[in-house]
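Observations on the model geometry
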Amino acid sequence: MNDFSEIEDKLRKLRPVPPSADLMTRVERGLAEARHGESLHSGKGSTRLRERPVRLGPTARQASTAGVLPRERRIHFNWLPLGLGLAAAAALVLFARFQLERPVKKTPALAAITPAPAFSSPSSTAQFVPAGLTQVVYHTRDEGLHFRNNSKQPMRRVRSHTRETLRWRNPTTGASLRISYPSEEVSLTPVSGQ
Amino acid sequence: MENVATDENWKTCFSQVAPGLVLFARQWARSSADAEDIVQEAFVRFWRKQHDIANRGLLYAAVRSIALDFLRRDNRRARRESTAASETDQTVQPMFEIEDESQRALVAALDLLPNEQREVLVMKIWNDLTFAEIASALEISQNTAASRYRYALANLKKNLPPI
């Protein structure tokens, strides 16, 4: 270490430039603000800070009221969690909207889908507009040839089991009403012999 | 020294440490105004946490931490940080009151030091920190702090022109 004593002496003779007087004022303001914040936000008992507040000299008091403001404090936002939260909220809203507006799944139509019946709804559903009628034939059975009473012409009898679904929709509220019931239908088709 | 938080005459306390703190902060700041900003923030933060001013290692660690944050806030400063990491950085200049040419040469030689050596030198020479305090501030071992100091002096000696 003795080898460096000379250069250490030279270094010690170098004097750093003293900080500006403004720094003292700014620190004073910062400490005053911090003290004020502590007294405002701390709910606990008094600390030594508040018991022995820093006394400011006359020049410091002048300086603190001379409009010399501390540098603007920077507010740090952690944008990542905020962005993730917003993205999640947006996705949730979109998903909910999609779920609400998704059309009702239609069962495979084995028969025809007829247009909506033109009848007026009962008074309780006065605002509901017929939206459609669906007939789904899910079973058909050919019962062969039959002769009706006093008839010489044979007729083919076909029995089919269907499910009919009637739908109404309220255009103002978007609510829908659906009634579904099973039905059985027997059709007779004349058969001409050759 | 008493606790900063309970020191009635904090100005005395601050005036003792401020020049060294500003010089220390100046290693990461381009201007003295930036360095003073860093010191102000560090000192107020230190005061708010009611640390003991005798724990100077902690105070310098606070200055260093805020200085590095300060450096990262700005992209230009971030780029500067990457160059500062290199050992040939010439942009950071400590501020000294230069009286003659030999001191000018000494300051020029200081600028050539690697950051890790210069910060130890600044803490040791102009802030009178012990190696234990330096080690605490920089989160290194005392041996590392001492060896960086010796390397810094050796480099200075090597870089100084012969008188």
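Residues numbered from 1 in each chain as written. Chains lettered and ligands numbered in written order. Predicted model: local features only at pLDDT ≥ 70, side-chain atom pairs only at ≥ 80, totals over all residues.

Here the focus is the overall build of chain A. Helix and strand counts for chain A come out as five helices and five strands. Here chain A, with 194 residues, has 7% of them falling under the buried criterion. Of the contacts made within chain A by residues no fewer than 6 positions apart, 55% connect residues no fewer than 24 positions apart. (Helix = DSSP H or I, 4+ residues; strand = E, 2+ residues; numbered from the N terminus. Buried ≥ 20, exposed ≤ 12 C-beta atoms within 10 Å, placed from the backbone. Contact = placed C-beta atoms within 7 Å.)

In this complex, chain A contributes 26 residues to the contact, which on the side of chain B involves 31 residues. The element contributing the most residues to the side of chain A that touches chain B is helix H2 (residues 21-41) of chain A, with seven residues. Looking at the side of chain A that touches chain B residue by residue, the class counts come to 15 nonpolar, two polar and nine charged. As defined by bridge partners, strand E1 (residues 15-16) of chain A adjoins strand E1 (residues 96-97) of chain B across two bridges and the pair is classed as antiparallel. Bridged to Arg15(A) within E1(B) is Glu97(B). (Nonpolar A, V, L, I, M, F, W, Y, C, P; charged D, E, K, R; others polar. Pairing = 2+ DSSP bridges.)

Residues and elements named next belong to chain B. Between helix H3 (residues 56-73) and helix H7 (residues 131-138), whose axes approach to 8 Å, the crossing angle comes to 35°. Like other packed secondary-structure pairs, H3 and H7 cross with a definite hand, here right-handed. Residues Arg56, Gly57, Tyr60, Ala61 and Arg64 of H3 lie in contact with H7, whose contacting residues are Glu133, Ser136 and Ala137. Residue composition of the contact of H3 with H7, grouped by class: three nonpolar, two polar and three charged. (Axes fitted to C-alpha atoms, helices over the stretch in contact; angles between N-to-C directions. Left-handed = near helix turned anticlockwise from the far one by under 90°.)

One rule of thumb: low pLDDT means the predicted coordinates there are not for detailed reading. Of the residues in chain A, 63% have a pLDDT of 70 or more, and the chain-wide mean is 71. Long-range and interchain partners of residues 43-73 of chain A, a stretch whose pLDDT sits below 50, account for 32 contacts in this model, where long-range means more than four residues apart. (pLDDT = per-residue confidence, 0-100.)

The subject of this paragraph is the nonpolar core. Core analysis: the biggest nonpolar cluster contains 49 residues, and Ala25(B), Ile38(B), Val39(B) and Val63(B) have the highest contact counts within it. Going through the elements one at a time, H2 of chain A together with helix H1 (10-25), helix H2 (32-48), H3, helix H5 (101-111), helix H6 (115-126), H7 and helix H8 (142-159) of chain B are the ones with two or more residues in this core. Ranked by residue count, the leading element in this core is H1(B), at nine residues. In this view, Val39(B) contacts Leu23(A), Ala18(B), Leu21(B), Val22(B), Ala25(B) and Val63(B); residues no more than four positions away in its chain are not counted. (Core = buried A, V, L, I, M, F, W, Y, C linked by C-beta atoms within 7 Å.)

Turning our attention to the pairing of strand E3 (residues 129-147) of chain A. Residue and element names in this part refer to chain A. Where E3 meets strand E4 (residues 154-169), 15 bridges bridge the pair, whose relative direction is antiparallel. The residue bridging Asp142 from the neighbouring strand is Val158, located in E4. The turn linking E3 back onto E4 is made up of six residues, and Asn150 within it adopts a positive phi angle of 55°.

A few words now on unusual backbone geometry. Residues and elements named next belong to chain B. Despite not being glycine, Asp128 has its phi angle at roughly 55°, a positive value. Accessibility expressed as a C-beta count within 10 Å gives 11 for Asp128, which makes it exposed. In this structure, Glu139 is a non-glycine residue whose phi angle is positive, near 55°.

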